[in-house]
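So the chains spell out like this:
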Amino acid sequence: MSESGQKKRDPKTLRPATQLVHGGTLRSQFGETSEAIFLTQGFAYPSMETAEARMKGDEPGYVYSRYSNPTVAMFEERMALLEGAEAARATASGMAAVSASLFGLVRAGDHVVAARALFGACLYVVEELLPRFGVASTLVDGADLAQWRAAIRPETKVLFIESPTNPCLDVYDIAAIAAIAHENGAKLIVDNVFATPVLQKPLALGADLVVYSATKHIDGHGRCLGGIILGGREVIETDIHPLLRQTGPILSPFNAWVFLKSLESLPLRVRQQMENAGRVADFLAGSRHVACVRYPGRADHPQAELVKKQMAGGGTLVAFEIEGGKPAAYAFANRLSIITISNNLGDAKSLITHPATTTHQRLTPEARAALGVSDGLLRLSVGLEDADDLIDDLDAALDELDRQGLAAE
Ligand SMILES: *Cc1c(COP(=O)(O)O)cnc(C)c1O
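Computed from a predicted structure; not experimentally measured.

(A) Region of interest: the site of the ligand. Around the ligand lies a shell of 14 residues, among which Gly 94, Asp 191, Ser 213, Thr 215 and Lys 216 are the nearest. Between an oxygen atom of the ligand and a main-chain N or O atom of Gly 94, the distance comes to 2.8 Å. At a separation of 2.8 Å, an oxygen atom of the ligand approaches a polar side-chain atom of Lys 216. Protein contact buries 92% of the 380 Å² of open area that the ligand shows by itself. Residue composition of the shell around the ligand, grouped by class: six nonpolar, five polar and three charged.

Here it is in structure tokens:
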């Protein structure tokens, strides 16, 4: 209860937009309206008896910010409300969330199956790091349910996917893959960054854990790195919390505060960015020099039916292929004046990247081809600018291809 004596409603009974403004708020004795940043390492105890009881876990209260912190707790609670999760733990980055969720669920001798189309660092954790600790992994085509079933072994403990995928925006059947996991005593982890927590709810579709890079849409303004793992209370408290608490890849209270404030506008931003992405995708699909467009919100997306079933919209990313390969893709991107060249995504600023030479440069040409990462492919993260300015910018860059005669090659 605050200073004025206003009663608080149970945030679980509120609608999502209200939860994202009020959920999780812990108001101090000063009655501040905006959430406070508790930028502190430790906490003072009124007595030695309290110190002993808190350390033992006999008394509630904060002990040390590697274990928990009020600002971080506000962010975790607000995210849990949004996701419909029982519990959440924030992490220092998206990769800390991905690796802690994987390492938390496996032991030496276990086996992990993951879709081949993964964010580069996720692929490194699955293919290189897990095997170093005695955890074998198998990569499959995420869209092919028969491959998932065939890859399962008696010791398989985790299935791992991203959907939509980076960079080609394929969409996988989360409910069907969760069912395969559960029939075989395994858990499904979904990296939900590309869909955002506004447009897709993996826990409701059967996933056991959802992970985010909060660096992306949750921050939404390109400032702080962070991540979060959400799921059932038991899995979070027994498999995830001790690992984070003892190994330390936890979120700074400052970054948690930035994310907490950003959550207030997340649905507005995602909806506007998605509307812009749809307009940009439609423009590109009808344009000269564009060989193909991949956008989950378009009827010509290969998994358009699945998108309707499991997502509330097509998201904020568009992938498209420029005719003329790498020289044309480079000339096109270099000519852009509003859309910025950057490998990041989910920002208010529109960002474009050439996956073949940046995020996916470490892969062999064969591996890139298997993922659909051609030399002409560009991935565009659509921001909050006026869609007409974005379209004008893209149109001027297409003119550049005419001028240079590149797309004709
Ligand atoms: C960015 C990203 C990550 C990693 O997040 P960081 O915050 O950069 O560590 C993981 N998965 C996906 C899909 C991402 O886009």
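Picking up where we left off.
(B) Region of the structure containing the packing of helix H3 (residues 70-83) against helix H10 (residues 253-263). In contact at an axis separation of 8 Å, H3 and H10 are set at 35 degrees when each is read in the N-to-C sense. H10 is crossed by H3, and the crossing has left-handed handedness. Contact residues: Thr 71, Val 72, Met 74, Phe 75, Arg 78, Met 79 and Leu 82 in H3; Pro 253, Ala 256, Trp 257, Phe 259, Leu 260 and Leu 263 in H10. A per-class count over the contact of H3 with H10 returns eleven nonpolar, one polar and one charged.

(C) View of the nonpolar core. Among the nonpolar cores identified, the biggest contains 56 residues, and Phe 75, Met 79, Val 318, Phe 320, Ile 322, Phe 332 and Ile 352 are the most heavily contacted of them. Sorting elements by how many residues they give to this core places helix H11 (residues 266-285) first, with seven residues. Split by domain, the residues of this core number at least three in each of domain 1 (11-263) and domain 2 (266-404). Core analysis: the second largest hydrophobic core is formed by 30 residues, Val 113, Val 140, Leu 188 and Phe 194 among them.

Reading the values: rules and limits
- Residues numbered from 1 in each chain as written.
- Predicted model: local features only at pLDDT ≥ 70, side-chain atom pairs only at ≥ 80, totals over all residues.
- Heavy atoms only, no water.
- Near = heavy atom within 4 Å.
- Polar contact = N/O pair within 3.5 Å; in protein donor to acceptor, adjacent residues only side chain to side chain.
- Areas by Shrake-Rupley, 256 points an atom, 1.4 Å probe, with all protein chains shown as cover.
- Nonpolar A, V, L, I, M, F, W, Y, C, P; charged D, E, K, R; others polar.
- Axes fitted to C-alpha atoms, helices over the stretch in contact; angles between N-to-C directions.
- Helix = DSSP H or I, 4+ residues; strand = E, 2+ residues; numbered from the N terminus.
- Left-handed = near helix turned anticlockwise from the far one by under 90°.
- Contact = heavy atoms within 4.5 Å.
- Core = buried A, V, L, I, M, F, W, Y, C linked by side-chain atoms within 4.5 Å.
- Buried < 20%, exposed > 50% of the residue type's maximum accessible area, 1.4 Å probe, protein only.
- Domains from an automatic or database assignment.

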